[in-house]
Amino acid sequence: MGKHYLSTLFAPKSVAVFGASDRTDSVGQIVFKNMLESGYKGLLYPVNSTHTEVQGKRAYASISEIGEPVELAVVATPPQTVPGIVESCGIHGVKAAVIITAGFGEAGQEGAALEKEFLETARRCGIRLVGPNCLGIMRPSIGLNATFNKGGANAGNIAFISQSGALCTAILDWAQSNDVGFSSVISMGSSTDVDFGEILDYLVSDRDTHSILMYIEGIRNARRFMSALRAAARIKPVILVKVGRHEEGSKAALSHTASLVGADDVFDAAVSRAGVVRVQTITQLFTAAKALSCGFRPVGNRLAIVTNGGGPGVMAADRAADLGLTMATLSDATIEDLNRHLPPNWPHGNPVDIIGDAQADRYHHAVKACLEDQNVDGVLAILTPQAMTKPLESAQALIALSNTYSKPLLTCWMGETQVAAAREAFAQAHKPHFRTPEPAVEVFSHLSAYYRNQRLLMQVPGPFSHHAEPDVESARLIIEGAMQEHRMVLTEMESKALLSAFNIPVAKTMVAHSPNEALLIAQQLGFPVAMKVNSQDITHKSDAGGVVLNLNNAHEVRSAYQHILDNVRISRPNARMDGISIEPMIVKPNGRELMIGVTSDPVFGPVITFGAGGTTVEIMGDRAVALPPLNGFLARELIHETRVAGMLGAFRSMLPANIEALEDVLLRVSEMVCELPLLKEMDINPLILDEHGALAADARVLVEYRQPGADRYAHMAIYPYPTQLVSQWQLADGTDITIRPIRPEDAELVQAFVRGLSEESKYFRFMSSMQELTETMLVRFTQIDYSREMALIAVTLAQNREVELGVARYAINPDGDSCEFALVVADSFQGKGLGQKLMVVLMEAARSKGLSMIEGEVLSNNHSMLNLMMRLGFAVKASEDDQSVMRVSRAL
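Residues numbered from 1 in each chain as written. Predicted model: local features only at pLDDT ≥ 70, side-chain atom pairs only at ≥ 80, totals over all residues. Heavy atoms only, no water.

1. Quick notes on the sheet that holds strand β36 (residues 853-859)
Two strands in a sheet stick together by hydrogen bonds in their backbones, pointing the same way (parallel) or opposite ways (antiparallel). Strand order in the open sheet formed by 8 strands is β31-β32-β33-β34-β35-β36-β38-β37, and the pairing between neighbours is mixed. Sheet topology places β31 (727-730) and β37 (875-878) at the edges, where each strand pairs with a single neighbour. On average, each strand axis in the sheet is tilted by 25° relative to the strand beside it, whichever way the strands run. Relative to strand β34 (residues 801-812), strand β33 (residues 789-798) runs antiparallel, the two sharing 10 bridges. Looking at the pairing, V795 lines up with E804 of β34. Helix-sheet contacts for helix α25 (residues 759-766) involve β34, β35 (818-825) and β36, and the interaxial angle to β35 is about 180°. (Pairing = 2+ DSSP bridges. Helix = DSSP H or I, 4+ residues; strand = E, 2+ residues; numbered from the N terminus. Axes fitted to C-alpha atoms, helices over the stretch in contact; angles between N-to-C directions. Contact = heavy atoms within 4.5 Å.)

2. Observations regarding the packing of helix α17 (residues 472-484) against helix α18 (residues 492-501)
Two quantities define a packed helix pair, namely the angle between the axes and the distance from one axis to the other. Interhelical geometry of α17 versus α18 gives an angle of 160° and a closest axis separation of 8 Å. Regarding the angle of α17 to α18, the classification is roughly antiparallel. Relative to α18, α17 is oriented so that their crossing is left-handed. Listed contacts from α18 to A475, I478 and I479 of α17 are E494, A497, L498 and A501. Considered class by class, the residues forming the contact of α17 with α18 number 6 nonpolar, no polar and 1 charged. (Parallel < 35°, antiparallel > 145°, perpendicular 65-115°, else oblique. Left-handed = near helix turned anticlockwise from the far one by under 90°. Nonpolar A, V, L, I, M, F, W, Y, C, P; charged D, E, K, R; others polar.)

3. Quick word on the confidence of the model for the protein
In this model, the protein carries a mean pLDDT of 90, and residues with pLDDT of at least 70 account for 97%. Ignoring residues within four places in sequence, the model shows residues 246-261, a span with pLDDT below 50, making 48 contacts including any to other chains. (pLDDT = per-residue confidence, 0-100.)

4. Some words on the pairing of strand β11 (residues 181-187)
Burial runs high along β11: 7 of the 7 residues are buried. Note: strand β8 (residues 136-139) against β11, 2 bridges, orientation antiparallel. Of the residues in β11, the one forming a bridge with M138 is V185. Direction of pairing for strand β10 (residues 154-162) relative to β11: parallel, over a ladder of 7 bridges. Of the residues in β11, the one forming a bridge with N154 is G181. With helix α5 (residues 165-177) bridging β10 and its parallel neighbour β11, the resulting β-α-β unit is right-handed. (Buried < 20%, exposed > 50% of the residue type's maximum accessible area, 1.4 Å probe, protein only. Right-handed = clockwise from strand over helix to strand, strands pointing away.)

5. Concerning helix α13 (residues 360-371)
With 12 residues, α13 should cover 16 Å at 1.5 Å per step; its first-to-last C-alpha distance of 16 Å lies within 8% of that length. Within the sequence span of α13, burial applies to A360, R362, Y363, A366, V367, A369, C370 and L371. (Expected span 1.5 Å × (residues − 1).)

6. Things to note about the nonpolar core
By size, the foremost hydrophobic cluster in this structure holds 60 residues, and its most contacted members are I161, M214, F225, L229, F604 and L627. Among the elements that take part in this core, helix α7 (residues 222-233) stands out by supplying 7 residues, more than any other. Formed by 59 residues, the second largest nonpolar core is a distinct cluster that contains M716, V750, I784 and Y810. (Core = buried A, V, L, I, M, F, W, Y, C linked by side-chain atoms within 4.5 Å.)

7. Let's talk about the pattern of salt bridges
Evaluated as defined, the whole model comprises 48 salt bridges. Here E492 ties to K541 by a salt bridge, and the two come within 3.8 Å at their closest N and O atoms. Of this pair, E492 sits in helix α18 while K541 sits in the loop between β22 (529-533) and β23 (547-551), placing them 49 residues apart in sequence. Residue classification places E492 among the buried positions, given a relative accessible area of 4%. Between E802 and R740 there is a salt bridge, with the nearest N and O atoms lying 2.8 Å from each other. Taken together, the residues E802 in strand β34 and R740 in strand β32 (residues 736-741) connect sequence positions 62 residues apart. Judged by relative accessible area, which is 36%, E802 ranks as partly exposed. Sharing partners across several salt bridges, the network here consists of E492, K496, K532, K541, E583 and D698. (Salt bridge = Lys/Arg side-chain N within 4 Å of Asp/Glu carboxyl O.)

Shown next as structure tokens:
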């Protein structure tokens with residue numbers, strides 16, 4: 001692999017500072033002073049058109065005067081000068097620039113025109129830009145401080161990306177006094193060119209970065225953001241703070257779902273699926289990062305508390321309850337173990353109060369017993385300094401314990417003078433420690449959220465979750481029919497037909513156009529019945545007086561028909577009515593009224609919601625949110641996040657509900673979202689669930705026109721598992737082969753495949769000597785984001801187990817138009833046409849993504865691969881950087 005295309009931004013060998021100055025407190029003066037004082041290890045050139053010397057260094061009137069290559073330009077000059085500077089940088093061969101200057105898109109039409117001008121120039125010249133209107137960037141390990149922050153930063157292994165320059169300065173100031181160091185600090189500013197996604201891509205491959213912290217104000221491109229976030233979180237912990245929580249206004253929405261779901265709910269659901277931890281404060285951001293960097297392996301949310309004081313233990317337990325954590329139930333074996341080491345009057349439960357006279361040995365035994373309990377996922381040890389307490393010895397005992405267990409062990413030594421030495425010992429050992437119980441509990445909640453979200457990240461559902469395929473074509477025709485009549489809202493009949501096309505059980509409904517017809521239909525369906533107005537203009541029928549329930553005879557049906565017409569004419573005089581719909585009353589003694597919905601977030605696209613149903617959904621406010629696509633695991637997670645989930649089991653005299661049927665409906669709704677991009681909003685309310693199954697009693701659907709494109713799932717933030725790329729093939733010798741996209745659970749399959757390759761095949765594929773894939777490489781190869789890369793593996797069955805025979809993969813280049821490929825086939829299957837088949841299928845997949853060029857590198861002595869490339873129509877030429885490598889490429 002060559003250098004990352006952003007390496008000149010993060011590790012430049014030479015930097016030119018435009019606007020470098022001697023004028024005190026000017027931006028140019030501070031930036032250049034920072035570069036000098038931080039000990040930048042490369043060549044540094046101040047550029048100032050009116051001075052020959054700046055801060056004791058020779059200055060240059062322009063970049064052309066420097067006469068040496070410049071890798072990074074830092075621009076702190078007035079806005080009107082920036083387009084010309086970018087042009088001159090392009091001529092000089094500069095490939096990266098940080099535009100600190102403000103006064104562009106945010107400053108009106110004139111500024112926007114200047115921004116457009118320098119952006120077009122940068123793209124023409126191949127210059128990547130950070131900013132404008134940003135604080136700048138830092139790489140403390142190489143002395144790069146291209147910011148106008150007053151002061152530098154310590155070197156460390158945390159990368160910090162922020163959309164707010166002002167917040168950057170505050171955090172940098174806080175970090176200096178809290179012994180926090182950084183691998184990188186990046187202030188994004190307006191993000192007109194390089195965005196979050198590209199920065200994350202670089203940091204994933206950066207060896208100096210162990211964890212990534214982000215401050216986010218808003219997202220522009222959800223697909224790219226989610227794709228990069230998921231890729232980063234698979235390799236390194238990512239923790240973020242997002243501000244701008246939207247107030248839940250009483251907005252006039254056409255569906256319950258849209259008015260229930262705020263943008264913050266959706267953002268939470270998105271980052272959870274990305275395997276990321278979201279915190280609420282800057283302090284939590286860094287304490288969570290420190291805890292994750294300690295090598296803990298969190299596996300759940302069951303907390304045990306060990307304390308020498310009852311009060312602090314109760315405070316911690318209260319905070320745990322606030323955060324939805326579970327207080328661990330200690331096993332009988334643990335209780336017996338504790339009985340042997342604790343005084344008889346300990347409370348025999350959790351929190352484990354080891355009594356005020358506890359010393360180091362008691363802490364050691366109590367904490368060790370809890371860490372070894374299978375029912376415990378983490379331990380918080382609390383100490384208050386009492387007469388016989390030995391804070392330092394107790395701290396040393398727990399430091400030794402924490403080095404031998406992977407479960408989180410957090411400590412809270414309360415007080416000040418008497419515990420100062422203990423706190424210093426924790427700090428020296430790099431163990432997370434706190435002054436009060438509540439922040440410690442919050443950090444444990446972040447650790448358990450990280451574990452949960454990492455499990456969510458591993459899920460790769462396809463667009464279809466069942467063997468019985470839906471009738472997608474009929475569903476699309478229903479929507480197109482409404483579109484042709486210029487309607488956004490489907491009728492109840494159309495909405496139910498849409499659900500039926502995706503095999504969701506619906507209540508049988510018929511439409512009557514007269515009182516007598518209504519009576520005949522009611523007798524056919526069987527009493528009691530429900531009657532509702534059938535109108536494309538009325539979404540909330542109850543509010544318009546258009547619903548009458550529990551009609552038991554002919555007289556009531558006739559009266560209800562006229563009653564509904566009269567009500568609607570008064571409440572909605574302009575509404576068009578197409579008769580009255582009639583359906584049997586659903587009598588389910590054990591039925592729970594639930595709601596499943598779909599809404600469209602302006603950033604993240606379609607979202608699925610679940611919660612309590614009925615006419616009081618807005619008041620109850622019980623709902624959980626998930627980004628599609630779903631699978632069984634994700635559907636169960638969504639259900640368990642709601643309060644109504646507690647009513648789905650056996651409840652008083654009610655039998656337990658059929659949870660599998662509910663999961664089935666959620667998966668069917670996920671299929672609808674994937675396959676019907678014109679679906680904007682949907683309510684299934686109520687969905688009646690009992691011990692026998694689920695039934696959609698009512699439904700409403702809203703649609704909107706969307707321009708079709710090459711990417712069938714462009715409307716979704718998370719790309720589904722591409723089942724359309726699964727294919728069957730057969731070798732000439734009769735071996736049956738499946739070619740399919742790779743999945744995370746293929747890790748062992750891939751590792752075994754690589755181990756089985758000959759030394760030559762490994763060298764040809766990886767261009768280096770290696771025995772097997774590292775854990776990080778295995779994650780990167782198997783946990784891919786299908787919207788930005790593809791890996792197609794060829795597998796066959798041997799003794800009822802899959803065996804990998806070969807893999808072809810591509811990764812989309814930063815230009816978004818071309819991709820880089822790699823191919824390797826098991827030695828025993830080379831020369832059988834498998835490599836050619838994999839390449840043909842891979843190129844077709846790349847073509848279907850709208851890519852126009854595929855390219856790669858092949859060692860010059862890999863003759864069989866070069867011959868294959870030429871047979872497939874690739875152009876072959878020697879690499880400019882390395883004569884032992886050939887560059888191969890062809891148009892798609």
